[in-house]
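One letter stands for each residue in the lines below.
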Amino acid sequence: MGSQFWWFYDVLAAAAILVMIFLSGRRGFFKSMLHFTGYLLACILAFSISGSLADGLYKSSVRNSNIKKITKSVGDTDFIDEIIGRIEDDFDFSGEIAYERLEKIYKEKNSLGLSFDEQLYQYVSSIYVNKIGNEEIFCQKLHKGYADIVSGIISEHLVDYAGETALQEIIRHPQDMDELIPLLLDPEGSREAAEYIADHYTEAPYKGIIRLISFMVILAVLIAVTVFLVSTTFKTPGFQSLGSHIGGGVVGALLGVVIAAFIAACVRLNVICGENKMMFFNHEAIDKTYLFKHIYNFITSNL
């Protein structure tokens, strides 16, 4: 991943704005305002429609497809074996944590009402006395292990972006794993575990991807319709005042921002689908820009 091409984004955004200033300046103020009205309506409709469209498409088709893929990954994952490996790697231990003991902790209700974290800390610290630090440090590493395991389950058959999103979500809200872990350990619960993962961890990133695509398609179609209607319905006057040309150029700058927003949505989609690891489409390059990053951040925050 590199950032040496960061300048290209600013050049692209500036070029879009300058081209629209030039074209709108030639059209004049009145015709440029008609274009701007159409572009503005296109943006409003694209933003509003894309959200509900993404929700509908996700629930009708993408969710079921994701659940099937996650179910297979869950079936191939031995959660207890994975978490033992991570605990031993984090604290440089080897071979003393009993599989059966962890299975009992996760599967049986504790008579004292202790959480999974508390029981695991007591058990592991009893084996490795004075070697694992305080409970807070242990739990932080344990939760990171949970996040890595679930992220791996997701990324095996889905986009890495969904796995990265899940990893961050589990680190922020590790208590949700208390509901998921019993499902992961149930031989008959792979489907239920997959449904939980799909609804809690992969829904948001996939809806975001679908919304980006929907936004781009709707915006492109409506802009094309606007250009066609204005061009065929209103003829450019033979003579226009200097003020009309200047006014058209000012409006053109706003039209250029809309085009730059469309470009930013395309870049955002490529960053997500390229897992932010591509030479050109990555956050490091975008963050170095002066103009483009503001438009990109607006798209990222609202889509």
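Structural data are supplied above this passage.
Treat the numbers as computed from the prediction; the structure is a model and nothing was measured.

Caption draft 1: Just the overall build of the chain, in detail. The helix and strand tally for the chain stands at 12 helices and zero strands. Traced from its N-terminal end to its C-terminal end, the chain shows the element sequence α-α-α-α-α-α-α-α-α-α-α-α. Here the chain has a C-alpha radius of gyration of 26 Å; the compact-globule value for 303 residues is 19 Å, and the former is much larger. Across its three principal directions, the C-alpha atoms of the chain cover 90 × 40 × 30 Å. When burial is assessed residue by residue, the chain has 44% of its 303 residues classed as buried. In the chain, once contacts between residues fewer than 6 apart in sequence are set aside, the share between residues at least 24 apart is 78%. Accessible surface for the chain amounts to roughly 15,400 Å². Of this, 60% is attributable to carbon and sulfur atoms. Here the chain holds 25 positive side-chain charges and 35 negative ones, and the gap between their average locations is 14 Å.

Caption draft 2: Main features of a nonpolar patch on the surface. A surface patch of nonpolar side chains, amounting to about 530 Å² of accessible area, comprises Ile-213, Val-217, Val-221, Val-225, Phe-228 and Leu-229. Tracing the chain through its elements places Phe-228 in helix α9 (residues 190–233).

Caption draft 3: The side chain of Gln-240, seen in detail. Tracing the backbone through its elements, the reader meets Gln-240 in the loop between α9 and α10 (242–273). Judged by relative accessible area, Gln-240 falls into the buried class, the value being 13%. Of note is the side chain of Gln-240, whose polar atom sits 3.4 Å from the backbone oxygen of Arg-26. Within polar-contact distance, the side chain of Gln-240 engages the backbone oxygen of Arg-27 at 2.9 Å. The contacts of Gln-240, once residues within four sequence positions are left out, are Arg-26, Arg-27, Gly-28, Phe-29 and His-245.

Caption draft 4: How the structure looks around the pattern of salt bridges. Counted according to the given criterion, the structure contains 10 salt bridges. A salt bridge links Glu-82 to Arg-86, with the nearest nitrogen and oxygen atoms 2.7 Å apart. Note that Glu-82 and Arg-86 are positioned in helix α3 (residues 79–91) at a spacing of four residues, about one turn of the helix. A salt bridge links Arg-172 to Glu-169; the shortest N-O distance between them is 2.9 Å. You can see Arg-172 and its partner Glu-169 sitting in helix α7 (residues 160–172), three residues apart, about one turn around the helix.

Caption draft 5: Quick peek at the packing of α3 against helix α6 (residues 135–155). Where α3 meets α6, the axes come as close as 10 Å, and the angle between the chain directions of the two elements is 135 degrees. Relative to α6, the element α3 is oriented oblique. In this structure, the crossing between α3 and α6 has a hand that is right-handed. Within the contact between the two elements, α3 uses Phe-79, Glu-82, Ile-83, Arg-86, Ile-87, Asp-90 and Phe-91 and α6 uses Phe-138, Lys-141, Leu-142, Gly-145, Tyr-146, Asp-148 and Ile-149. Across the contact of α3 with α6, the residue classes break down as eight nonpolar, one polar and five charged.

Caption draft 6: Up close: the packing of aromatic side chains. Under the definition given, this model contains 13 aromatic pairs. Arranged with centres 4.8 Å apart and planes meeting at 45 degrees, the rings of Phe-47 and Phe-215 form a pair that is tilted. Of this pair, Phe-47 sits in helix α2 (residues 29–75) while Phe-215 sits in helix α9; the two residues are 168 residues apart in sequence, bridging distant segments of the chain. Residue Phe-215 is classed as buried on the basis of its relative accessible area, which comes to 0%. On the basis of an interplanar angle of 70 degrees and a centroid distance of 5.7 Å, the ring pair of Phe-79 and Tyr-106 is categorised as edge-to-face. Taken together, the residues span a long stretch of sequence, with Phe-79 in helix α3 and Tyr-106 in helix α4 (residues 99–107) at a distance of 27 residues. For Phe-79, a relative accessible area of 2% corresponds to the buried category. Three or more aromatic residues joined by ring pairs make a cluster, and in this case those are Phe-79, Tyr-106, Phe-116 and Tyr-146. Here Lys-141 stacks its cationic end above the ring of Phe-91, 4.6 Å away from the centre of that ring.

Rules used in this analysis
Counting restarts for each chain, with residues numbered from 1 along the sequence as it is written. With the structure being a predicted model, the display of local features is reserved for residues of pLDDT at least 70 and the display and counting of side-chain atom pairs for 80 or more, all residues being used for whole-chain, interface and lining totals. Values shown for side chains rest on all heavy atoms present in the structure; no hydrogens or waters enter the calculation. Working definition: helices are DSSP H or I runs of at least four residues, strands are E runs of at least two. Numbering for both runs from the N terminus. The atom set for the radius of gyration is the C-alpha atoms, and the globule formula is 2.2 Å times the number of residues raised to the power 0.38. Think of it in three bands: with a 1.4 Å probe and only protein chains considered, a residue is buried below 20% of the maximum accessible area for its type, exposed above 50%, and partly exposed in between. Note on definitions: a residue-residue contact is assigned when non-hydrogen atoms from the two residues lie within 4.5 Å. All accessible areas in this document rest on Shrake-Rupley with a 1.4 Å probe, and a residue is counted as covered only by the protein chains that are shown. His is not counted, nor are the chain ends; Lys and Arg add positive charge and Asp and Glu add negative charge. Charged groups are reduced to one reference atom each: NZ for lysine, CZ for arginine, CG for aspartic acid, CD for glutamic acid. Residues qualify for a patch when their relative accessible area is over 30% and they have no salt bridge, like charges being joined within 9 Å and the nonpolar side chains of Val, Leu, Ile, Met, Phe, Trp and Tyr within 5 Å. Just to be clear on terms, a salt bridge is a Lys or Arg side-chain nitrogen sitting within 4 Å of an Asp or Glu carboxyl oxygen. A 3.5 Å cut-off defines polar contacts: any pair of N or O atoms within that distance qualifies, except that in protein one atom must be a possible hydrogen donor and the other a possible acceptor, and neighbouring residues in sequence count only when both atoms are side-chain atoms. Axis definition: a line fitted to C-alpha atoms, over the contacting stretch in the case of helices. Angles run 0 to 180 degrees between N-to-C directions. Angular relationships are summarised with four words: roughly parallel below 35 degrees, roughly antiparallel beyond 145, roughly perpendicular across 65 to 115, and oblique for the angles in between. In this scheme the handedness of a crossing depends on how the near helix is turned from the far one: anticlockwise by less than a right angle means left-handed, clockwise means right-handed. Residues are grouped as follows: nonpolar covers Ala, Val, Leu, Ile, Met, Phe, Trp, Tyr, Cys and Pro; charged covers Asp, Glu, Lys and Arg; every other residue, Gly included, is treated as polar. Only the six-membered ring of Trp is used, alongside the rings of Phe and Tyr, when aromatic pairs are assigned; centres must lie within 6.5 Å, and planes under 30 degrees apart are stacked while those over 60 apart are edge-to-face, with the rest tilted. In this analysis the charged atom, NZ for Lys or CZ for Arg, is taken to sit over a ring once it is within 6 Å of the ring centre and within 35 degrees of the ring normal.

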